[in-house]
Amino acid sequence: MINTNHRIEFDPEKCVGCQICYKSCFVDVIRWDAEAKRPIFKYVEDCEHCFLCMALCKKEAITVVPNYGSEHMLQNFDKYR
Ligand code: SF4
Ligand code: SF4
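Notes on the structure in this doc start here. (Residues numbered from 1 in each chain as written. Chains lettered and ligands numbered in written order. Predicted model: local features only at pLDDT ≥ 70, side-chain atom pairs only at ≥ 80, totals over all residues.)

## What about the overall build of the protein chain?
Across its full length, the protein chain carries three helices and four strands. Walking the protein chain from its N terminus toward its C terminus, one meets helices and strands in the order β-α-β-β-α-β-α. Residues counted as buried form 14% of the 81 residues belonging to the protein chain. Counting contacts in the protein chain only where the partners sit at least 6 residues apart, residues at least 24 apart contribute 59% of the total. (Helix = DSSP H or I, 4+ residues; strand = E, 2+ residues; numbered from the N terminus. Buried ≥ 20, exposed ≤ 12 C-beta atoms within 10 Å, placed from the backbone. Contact = placed C-beta atoms within 7 Å.)

Here you go:
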């Protein structure tokens, strides 16, 4: 596993359980806790840093904090060059 030091911060107090972040994540980093009606952030190291979840959350409950110096991040940049 690559250690990215990548973080996704989530504030459950702001979240209204709309599922938009869950539906927007194309790599399944965001799962859904049906009981709590809140997103679960799993396998954060697989995050592709698209910022869609953060951009679409109308309650500003999510902050994606990439580590731009990480090996994983640099590999992603190389992929799209
Ligand atoms: S988009 Fe925001 S408000 Fe909606 S479930 Fe995700 S974190 Fe909660
Ligand atoms: S930034 Fe993109 S890939 Fe990462 S958790 Fe959010 S939606 Fe998923």
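## Examining the site of ligand 2
If you check the shell around ligand 2, you find 14 residues, and the closest are Cys-25, Val-29, Cys-47, Cys-50 and Cys-53. Class assignment for the residues of the shell around ligand 2 results in 11 nonpolar, two polar and one charged. (Near = placed C-beta within 6 Å. Nonpolar A, V, L, I, M, F, W, Y, C, P; charged D, E, K, R; others polar.)

## Brief notes about the site of ligand 1
Around ligand 1, the surrounding shell consists of Cys-15, Val-16, Gly-17, Cys-18, Gln-19, Ile-20, Cys-21, Pro-39, Cys-57, Lys-59, Ala-61 and Ile-62. Among the residues forming the shell around ligand 1, the class breakdown is nine nonpolar, two polar and one charged.

## Description of the nonpolar core
Within soluble globular proteins, side chains that are nonpolar generally end up buried alongside one another. Cys-21, Cys-25, Val-29, Ile-30, Cys-47, Cys-53, Cys-57, Ala-61 and Ile-62 form the largest nonpolar core, which has nine residues in total. Excluding its chain neighbours within four sequence positions, the residues that come into contact with Ile-62 are Ile-8, Phe-10, Cys-21, Cys-53, Met-54 and Cys-57. (Core = buried A, V, L, I, M, F, W, Y, C linked by C-beta atoms within 7 Å.)

## Examining unusual backbone geometry
At Lys-37, a residue that is not glycine, the phi angle is positive and equals roughly 55°. For Lys-37, a count of 12 C-beta atoms within 10 Å puts it in the exposed group. Residue His-49 is not a glycine yet carries a positive backbone phi of 55°. Positionally, His-49 belongs in the loop between strand 3 (38-41) and helix 2 (52-56). Taking the C-beta count within 10 Å as the criterion, His-49 has 17 such neighbours and is therefore assigned partly exposed.

Remember that the coordinates give geometry; whether it matters functionally is a separate question.
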